[in-house]
Each structure stands twice: as C-alpha cells, then as structure tokens.
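Structural description and commentary
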Amino acid sequence: MTSVRREETSSQQLPNNPERNMYYAEVFGSEGFRSGKHSWEVEVGDHPFWLIGVTKESVNRKGERSVSPENGIWCLFHRDGEYINGFGQTVTVTKSLQKIRVQLDYDRGEVSFYNPEDMTHIYTHKDTFTEKLFPYFLVGRPGDTKTSKLQICPTD
C-alpha cells in the first residue's frame, strides 16, 4: 500500500462497496485524519498526468463530479507539463517536479505542496475542515514514460 498505478479493469467485475470509487481512477489513503499535522511525499517522476492531495471522507465516490475544494478535494494537478491548483489556476513551478511533498495542517485548515528537494513552496489551499480527510491520488495513463506508478514515501 505504498504505490498507485493505473490499469485497465473494464472487463473485471468489482464489488460496489461504499469505499470503492466507481467513476474515476482515484485512490484514497488507508488512514484518515481529523486533527493534527501530517505529511507524505509522492514520487511522480516523469508521469504525465496525476492529481495529489486530500479528500473529505464523504466525497461522492459513485458519480461524476469536478475535482475541487467545493466538492471536498484539495489537490495539485499535473497534465502536459502544467501544474494546476484545485481552482483550475496554473501554478508557477520553476522546474519539472520529480517528487511532491504534501503537508496537511488540519487544525489550521491548510493543505500545502512543496518540492522536497529544496522545500520550495508550490501552493497552499486554505479552508475549514469539518470531517475526516484522506490522502488522495488520481493517476492517468502513463503513455510512453518511464514512470508508470506514483510511489508514496512517509516523512518524519
């Protein structure tokens, strides 16, 4: 339970349990948080399409919705070399990121993203959290890149 990759499972019959995401190729972390400070790093390498952040426990897992703070997902999005916050705004990054550090400060209502190489700040979402939050990962198709999965690394 330390990596996330996308595989085609359209022919596979999967049970429709409450925790399964049925509409999008997304995964939630196994541990949720209701308070405190938590952080983790994700090796993204040269993967062309991913979203990383946190999601509230009650997010709609069965149908279509946008990935946004209004829908309970606070994330950083990467596609085609561009980095985008949860509001659809481009975020300036000086060089292509190989790894992302996610820092959740539940009590202050902040989810921050950093380049762990030099701890350069990328973006911070500020909100009021009222329910359990889980690490959030959505992985697109890797195409011809070397990196086919996202690797989750704990931090101190």
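Now for a description of the structure that goes with this document. This structure is a prediction, so every number in the text was calculated from the model and none was measured.

Comments concerning the pattern of salt bridges
According to the stated counting rule, one finds five salt bridges in the structure shown. A salt bridge links E117 to K95; its shortest N-O distance comes to 2.8 Å. Placement of the pair is E117 in the loop between β8 (110-115) and β9 (120-126) and K95 in the loop between β6 (82-85) and β7 (99-105), with a sequence separation of 22 residues. Between E110 and K126 there is a salt bridge, with its nearest N and O atoms 3.9 Å apart. Pair noted here: E110 is in strand β8 and K126 is in strand β9, with a separation of 16 residues, a long-range link. What makes K126 exposed here is its relative accessible area of 63%.

Cut-offs and rules
Residues numbered from 1 in each chain as written. Predicted model: local features only at pLDDT ≥ 70, side-chain atom pairs only at ≥ 80, totals over all residues. Heavy atoms only, no water. Salt bridge = Lys/Arg side-chain N within 4 Å of Asp/Glu carboxyl O. Helix = DSSP H or I, 4+ residues; strand = E, 2+ residues; numbered from the N terminus. Buried < 20%, exposed > 50% of the residue type's maximum accessible area, 1.4 Å probe, protein only.

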